[in-house]
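Here are the chains, one letter per residue:
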Amino acid sequence: MTAAESAPEICFFLSYARPPSAAGEHWVRMFFKELQAQVAHEARRAGRLQPGGELGQGFADFLPRGPERDTAVARALGSARVLVPLYSPEYLERSTTRRERATFLQRVMNGSDSPPWWRIQAVLWTPVSATGHVSDLSRSLELGEDFPEYARHGLEAMRRLSEHREHYDAVVRRLAGRIVAAAHQPLPVAAEPVAEAELPGEAPADATTPFVIAVVAPSEGELPAQRLPACYGLHSVLWRPYRTSQLLGIADRTAQVARQFRMPDRIVDFADRDHLLVMYPGVILIDPWILAREDGRRRLQAAVEIAVSRQWVTLMVVVDRNDPQYAGRGSDLAREAMSMASAAQGSKLTREALEFEQNISKVVARNRRRYLSERPPPDGPPPTPRPRLRDPDDTGDPADPGPDPTVGEDR
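Can you help me understand the packing of aromatic side chains in this one?
Aromatic rings in a pair are described by how distant their centres are and how their planes are angled relative to each other. Evaluated as defined, the whole model comprises nine aromatic pairs. Their ring planes at 85° and their centres at 5.6 Å tell us that phenylalanine 32 and phenylalanine 62 sit as a pair that is edge-to-face. One end of the pair, phenylalanine 32, is in helix α2 (residues 22–46); the other, phenylalanine 62, is in the loop between β2 (57–60) and α3 (67–79), and 30 residues separate them in sequence. Exposure class is identical for phenylalanine 32 and phenylalanine 62. Each is buried. Ring centres of tyrosine 87 and tyrosine 91 lie 5.3 Å apart, and the angle between their planes is 65°; on these two criteria the pair is classed as edge-to-face. Tyrosine 91 carries the same exposure label as tyrosine 87, and that label is buried.

Written out as structure tokens, the structure is:
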């Protein structure tokens, strides 16, 4: 009998870092119990129960250490339809939890045509930095974005404190609904327990080279006084310039495209100076409104210098011409940002969601190709920058900074 024949149907796999205390474990168990009950309720309400009356059970690793536990975890990862990681500083630091996530994602990408992010329903369990090791950290924040205490304290604290219980229950209901919707789509069960996926940095460079998505944009806490806050989030990586037409933030949408090219992704706030772009291919997404800040020109200039010195990095100035502030101050800032960005050949300006979609796949493919042909040796110095030649994917003059942002018609 194969693992696929013997493994029970698993609706969702709860992935978490074991707390150091029994009290911490208690709250994880309570959450798992309540989430499982809510998933069953949402499944009944949506009419998505299996013939036996259940959508399948949830799985959480509450087992004692040992070979039986390892087998059970591997089989659950091989049959679960949805992964629910509880993000915390410990989760992002431990290789065991990160490996669970990487293993599940590997299986999804190998066996499903649906977007991988839909299968990972992340939860902010305790607050973590904006530049963690995972690209869907912003989606964990989005889960409870209408409750300020969620981003400030995390869902564990909301469960502990009675004054937040109503909002905690609302987040759990929302999460359960998303799990049911995602689990309804078929996902092949692994014939054997899934092998542990290699984490970035633990495998050969050509297999795990990340595509870096760096964001140069204000967060909602550092917006210029005159800028409307609707498309900004707690961190700059949550910027959503096309919020009316794209569910995801611009960085997460770019990460989806990178994964289509079998490249692990890394989303970073460029201001944090975590310049992986020196060593890896990527794109720098620029909000022109950064120039309305006192330190904006310095931040944008630093991004330009990276793109000038690295053949595999592209600057993309992103605006929404339907933004009510675009016609005035917004277009002036876009023109100024493109004037600075034009120092790096191949820089692009996109003014609507469709235009961004048309360009981003070409940018990812081109920068991946450039990196593979020009990357530095593992232990050697970075290559000497060479003048950029016109790329077959580029249209028009590569030195052209793009369409005038004040003009209404596309070229």
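Once the structure has been displayed, the description carries forward.
How should the pairing of strand β6 (residues 265–269) be read in this particular structure?
Moving residue by residue along a regular strand, the side chains alternate between the two faces of the sheet. Across the five residues that make up β6, a large majority, five, are buried. What you see with β6 is no split at all: Asp265, Ile267 and Asp269 on one side and Arg266 and Val268 on the other are buried throughout. Bridge analysis of strand β5 (residues 211–216) against β6 gives five bridges, and the strand direction is parallel. The partner of valine 212 across the bridge, within β6, is arginine 266.

What am I meant to see in the nonpolar core here?
The nonpolar side chains of soluble globular proteins are, as a tendency, buried together. One finds Phe12, Phe31, Val123 and Ile284 to be the most contacted residues of the largest nonpolar core, which totals 115 residues. For this core, the element with the most residues is helix α10 (residues 165–183), which contributes 10 residues. Excluding anything up to four places from it in sequence, isoleucine 284 contacts Ala214, Val216, Phe270, Leu277, Ala303, Ile306, Val313, Thr314, Leu315 and Met316.

The rules behind these values
- Residues numbered from 1 in each chain as written.
- Predicted model: local features only at pLDDT ≥ 70, side-chain atom pairs only at ≥ 80, totals over all residues.
- Heavy atoms only, no water.
- Phe/Tyr/Trp six-rings, centres within 6.5 Å; stacked < 30°, edge-to-face > 60°.
- Helix = DSSP H or I, 4+ residues; strand = E, 2+ residues; numbered from the N terminus.
- Buried < 20%, exposed > 50% of the residue type's maximum accessible area, 1.4 Å probe, protein only.
- Pairing = 2+ DSSP bridges.
- Core = buried A, V, L, I, M, F, W, Y, C linked by side-chain atoms within 4.5 Å.
- Contact = heavy atoms within 4.5 Å.

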